[in-house]
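Chain by chain, the residues:
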Amino acid sequence: MNIFERMRAGGIIPHTDPEWAEVWEIVNQTIALSAKLNASGKVEEIRAILSEILGQSIDPSTTVLAPFSTNFGKHTTIGKNVFINHGCSFLDLGGITIEDDVLIGPQVKIVTENHPVDPTQRKSLDLKAVHIGKNVWLGAGAIVLPGVTIGENSIVAAGAVVTKDVPSNTIVGGVPAKHIKNI
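The structure presented is a predicted model; accordingly, all values stated were derived computationally and were not measured. (Residues numbered from 1 in each chain as written. Predicted model: local features only at pLDDT ≥ 70, side-chain atom pairs only at ≥ 80, totals over all residues. Heavy atoms only, no water.)

A. Layout of the overall build of the chain. Looking only at helices and strands, one finds three helices and 19 strands in the chain. Taken over the C-alpha trace, the chain has a radius of gyration of 16 Å; the compact-globule value for 183 residues is 16 Å, and the two agree within 12%. Here the C-alpha coordinates of the chain stretch approximately 50 × 40 × 25 Å along the principal axes. Of all intrachain contacts in the chain linking residues separated by at least 6 positions in sequence, the fraction that spans at least 24 positions is 26%. Entry remark: accessible area of the chain is about 8,800 Å², with carbon and sulfur atoms responsible for 57%. Here the chain contributes 15 positively and 18 negatively charged side chains, and the mean placements of these two sets differ by 7 Å. (Helix = DSSP H or I, 4+ residues; strand = E, 2+ residues; numbered from the N terminus. Rg over C-alpha atoms; globule rule 2.2 N^0.38 Å. Contact = heavy atoms within 4.5 Å. Areas by Shrake-Rupley, 256 points an atom, 1.4 Å probe, with all protein chains shown as cover. Lys, Arg positive; Asp, Glu negative; His and termini not counted. Charge placed at Lys NZ, Arg CZ, Asp CG, Glu CD.)

This is the structure:
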């Protein structure tokens, strides 16, 4: 498997991996395109630039507001009728899937990357995918950490830090996020 396939599979990618140069090439392209995206004042143009960053066509029913940042982009999939508010940040080397009809509030962070605890391995990356189910609402400032799946129709309260899977039809909140009630 090449480095991109290994990233999507999850687990530790050593910082000494010789294929990192290929990743940095895409990261540099993403940085340049992100500057262009964040300078735009038009939703249609933002959608077009984000499509280029992600390497997939973003459906016209999806709206992303600038500023928006991602470190890689190629490992994010965004469904139809999704709304991503201002100031969101996606670290997607491990893979982010956002299904249809998702609402993402301002300043939300979705993170698929971590580092090993062992200080001798700390510069390596430990990657785990994040999956956001249909019709989920992520409140303002929520943080979704690596390996989390949020089930369909669920709500993550503003400011919550999601460290574990969220079942469908559930509201969670707090730090770390805990069950508040069923929908």
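B. Representation of the nonpolar core. Ranked by internal contacts, the top residues of the largest apolar core, which has 36 residues, are Ile98, Ile104, Ile110, Ile132 and Leu138. Elements represented by at least two residues in this core include exactly helix 2 (20–39), helix 3 (43–54), strand 6 (88–91), strand 7 (96–98) and strand 12 (130–132). Residue contributions to this core peak at five residues, all from helix 3. In this structure, Leu138 is in contact with Leu103, Ile104, Gly105, Val108, Ile110, Ile132, Val144, Ile150 and Val156, ignoring residues within four places of it in sequence. (Core = buried A, V, L, I, M, F, W, Y, C linked by side-chain atoms within 4.5 Å. Buried < 20%, exposed > 50% of the residue type's maximum accessible area, 1.4 Å probe, protein only.)

C. Inspection of the sheet that holds strand 1 (residues 11–13) at higher detail. The sheet built from three strands is open, its strands ordered 1-11-10 with antiparallel pairing. The two strands at the open ends of the sheet, each matched to only one other strand, are strand 1 and strand 10 (113–114). Pairing geometry for strand 1 and strand 11 (residues 125–127), over three bridges, is antiparallel. Paired with Ile12 across the strands is Asp126, a residue of strand 11. (Pairing = 2+ DSSP bridges.)

D. View of the pattern of salt bridges. On inspection of all chains with the given rule, the structure shows two salt bridges. Put simply, Arg6 and Glu19 hold a salt bridge, and the shortest N to O gap is 3.3 Å. With Arg6 in helix 1 (residues 3–9) and Glu19 in the loop between strand 1 and helix 2, this residue pair connects regions lying 13 residues apart in the sequence. What makes Glu19 partly exposed here is its relative accessible area of 23%. Linked through salt bridges whose partners overlap, the residues forming this network are Arg6, Asp17 and Glu19. (Salt bridge = Lys/Arg side-chain N within 4 Å of Asp/Glu carboxyl O.)

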